[in-house]
Amino acid sequence: MSSVARSHDKDPAPGAISAALLDWYDRHARVLPWRAPPGTGRADPYRVWLSEIMLQQTTVATVGPYFADFLARWPDVTALAAAPLDDVLTAWAGLGYYARARNLHRCAQVVAGELGGRFPETEAELRQLPGIGAYTAAAIAAIAFGRRAVVVDGNVERVVARLFAVESPLPGAKAELKRLADGITPDRRAGDFAQAMMDLGATVCLARQPKCLLCPLEASCQGKAAGVAASLPRKLPKAAKPTRYAVAFWLAGPDGDLLLRRRPEKGLLGGMMEVPPTPWRGEPWVAAEASTAAPLKADWQVLPGLVRHTFTHFHFEVTVWAGTAGRSGLSGESGRWVALDRLSDEALPTVMRKIIDHGLTQTAAAGAKQTSGD
Ligand code: SF4
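How each quantity is defined
Counting restarts for each chain, with residues numbered from 1 along the sequence as it is written. It should be noted that, the model being predicted, local features are given only for residues of pLDDT at least 70 and side-chain atom pairs only at 80 or more, the latter also being counted only at that level, while totals for whole chains, interfaces and linings use all residues. Each side-chain value is derived from all of the structure's non-hydrogen atoms; neither hydrogens nor water enter the calculation. Numbering of helices and strands starts at the N terminus; helices are DSSP runs of H or I of at least 4 residues and strands are runs of E of at least 2. Residues count as neighbours in contact if any of their non-hydrogen atoms are within 4.5 Å of one another. Computed by Shrake-Rupley with a 1.4 Å probe, the accessible areas treat only the displayed protein chains as cover when residues are assessed. Neither His nor the chain ends contribute to the count of charged residues, in which Lys and Arg are positive and Asp and Glu negative. Charged side chains are reduced to one point each, which is NZ for Lys, CZ for Arg, CG for Asp and CD for Glu. Pairs were defined over the aromatic rings of Phe, Tyr and Trp, the Trp ring being its six-membered one, requiring ring centres within 6.5 Å. Orientation was assigned from the angle between planes: stacked under 30 degrees, edge-to-face over 60, tilted for the rest. Exposure classes here rest on a 1.4 Å probe applied to the protein chains alone. A residue is buried below 20% of its type maximum, exposed above 50%, and partly exposed in between. In our convention, an over-ring charge means Lys NZ or Arg CZ found within 6 Å of a ring centre and within 35 degrees of that ring's normal. We treat two strands as partners when DSSP finds at least two bridges between them. Directions pointing from the helix axis toward each C-beta atom define the arc. Throughout this description, the term salt bridge denotes a Lys or Arg side-chain nitrogen within 4 Å of a carboxyl oxygen of Asp or Glu. Note: pLDDT gives the predictor's confidence per residue, expressed from 0 to 100.

(A) Spatial organisation of the overall build of the protein chain. Within the protein chain, the secondary structure is distributed over 14 helices and seven strands. For the protein chain, the spread of C-alpha atoms along the principal axes amounts to about 80 × 50 × 35 Å. Here the contacts in the protein chain between residues at least 6 apart in sequence split such that 69% fall between residues at least 24 apart. Summed over its atoms, the accessible surface of the protein chain is roughly 18200 Å², and 53% of this surface lies on carbon and sulfur atoms. Looking at charge distribution, the protein chain has the averaged site of its 43 positive side-chain charges lying 5 Å from that of its 37 negative ones.

Structure representation (structure tokens):
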């Protein structure tokens, strides 16, 4: 059996699909700050690149304020390249996948330095740059430079799987979906076509309930005709995520400042700041073991409750211990003291913000309890 359930001998003419979609896009394109209006030509490569990196794994609604903030601080690639990495990581905090921010900064430095401030125009050249993979290179080449490129993200995969009633499951169907997307990508207005596919997936061909009555491709859609559209694309069941555990040490200095430490440059949350934890591992920590990983000796108290966070490949459960210390025992490797009202200046990933919220809430509650008991 073919990987595609239906024969594509009777597929509608690719030109008809792209024409219908572009016509729809001309009337319904979302207005987004990194876009050029439909049919007006090319968008600014810096804006397209910045938005595409931010949009990986993140929604348009979340990205909006970050994009505006980045543009206000660093209006072009040269300005971003000149920024300290720490400022970029701090501005990125909350968007997740922090390796992207580090690569964003490195990429800006290559473009501003070696490439004289100009992004290359072809997919092949773009892929040489830090943090730019196949999808992002195709998106920039098409949207910023009008090159014909096949731009396939999760939204586009969904639209194509439905349009051609592809029944074979992802991720195995990826190559087939890309081939089918290639077949309907026009030579002209490739950037608008790519954005039209993205918009259709985001606003009409929705994951759970496609709005087929509003869709410009309804007449061509084999998934709709077969009554299977909403069940596509099929996906192989995901393996259950494991859970990792850690203890985070909430250490207050004599002035109430909090001890923070920088994570190693390589690896998850690389270079970001953290409330120093034990190693993260697959089984819960017992007190005697965890205390050997504390940054300093202190009279540690276990705070009530847990902090939970989910990463792409695992769940994370953190117990927070609170203690106080003098400044004297602190070595450079242990970290540095940060005043509580300056925490927002730090490059803290979301999981660490959760730990800090938990620590603030629970230590305040413990303080109140002690006061009322006096
Ligand atoms: Fe998606 Fe329905 Fe349009 Fe087909 S007709 S592409 S399923 S919205």
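(B) Expanded view of the packing of aromatic side chains. In this structure the tally under the stated criterion is 13 aromatic pairs. When the ring of W49 is compared with that of F119, the centres are 5.1 Å apart and the planes differ by 50°; the resulting orientation is tilted. Of this pair, W49 sits in helix α2 (residues 45-55) while F119 is found in the loop between α6 (99-112) and α7 (123-126), placing the two residues 70 residues apart along the sequence. Under the relative-accessibility criterion, F119 is labelled buried at 8%. Taken together, the ring pairs connect W280, F311, F314 and F316 into an aromatic cluster. A cation over an aromatic ring shows up here: R244 above the ring of F314, its NZ or CZ 4.0 Å from the ring centre.

(C) Examining the pairing of strand β1 (residues 243-252) more closely. Of all ten residues that make up β1, seven are buried, and the element is covered over most of its length. Sheet topology places β1 next to strand β6 (residues 315-324); ten bridges connect them, and they run parallel. Counted as the bridge partner of F249 is W321 from β6.

(D) View of helix α10 (residues 174-184). Listed in full, the buried residues belonging to α10 are E176, L177, L180, A181 and I184. For α10, the buried positions fall inside an angular range of 135° around the axis, keeping them on one side. Where α10 is buried, its residues contact α1 (14-28), α9 (154-163) and α11 (190-203).

(E) Region of interest: the side chain of H105. Here H105 is to be found in helix α6. When neighbours within four sequence positions are excluded, H105 is seen to be in contact with L80, A81, A83, P84, L85 and V88.

(F) Inspection of the pattern of salt bridges at higher detail. Inspection of the entire model under this criterion finds 22 salt bridges. One salt bridge in this structure joins R148 and D187, with 3.2 Å as the shortest N-O distance. Remark: D187 occurs in the loop between α10 and α11 and R148 occurs in the loop between α8 (134-145) and α9; sequence separation between them is 39 residues. Since its relative accessible area comes to 33%, R148 is described here as partly exposed. Taking the relative accessible area as the measure of exposure, D187 reaches 61% and is therefore exposed. Among the salt bridges present, the one from R336 reaches E346, with a minimum N-O distance of 2.9 Å. With R336 in strand β7 (residues 336-338) and E346 in the loop between β7 and α14 (350-373), this residue pair connects regions lying ten residues apart in the sequence. Of the residues examined, R336 reaches a relative accessible area of 35% and is grouped as partly exposed.

(G) Quick look at the confidence of the model for the protein chain. Overall, the predicted model of the protein chain reaches an average pLDDT of 91, with 93% of residues at or above 70. Across residues 1-9, where pLDDT falls below 50, the model places 20 contacts with residues more than four positions away in sequence or in other chains.

(H) Inspection of unusual backbone geometry at higher detail. That bond from L170 to P171 is cis: its omega, 5°, falls within 30 degrees of zero. With respect to the helices, strands and loops of the structure, P171 is situated in the loop between α9 and α10. Cis geometry marks the peptide bond from L232 to P233; its omega dihedral reads -5°. Checked against the element boundaries, P233 lands in the loop between α12 (222-226) and β1. Phi at A165 takes a positive value of approximately 50°, unusual for a residue other than glycine. Relative to the helices and strands, A165 is located in the loop between α9 and α10. A relative accessible area of 0% places A165 in the buried class.

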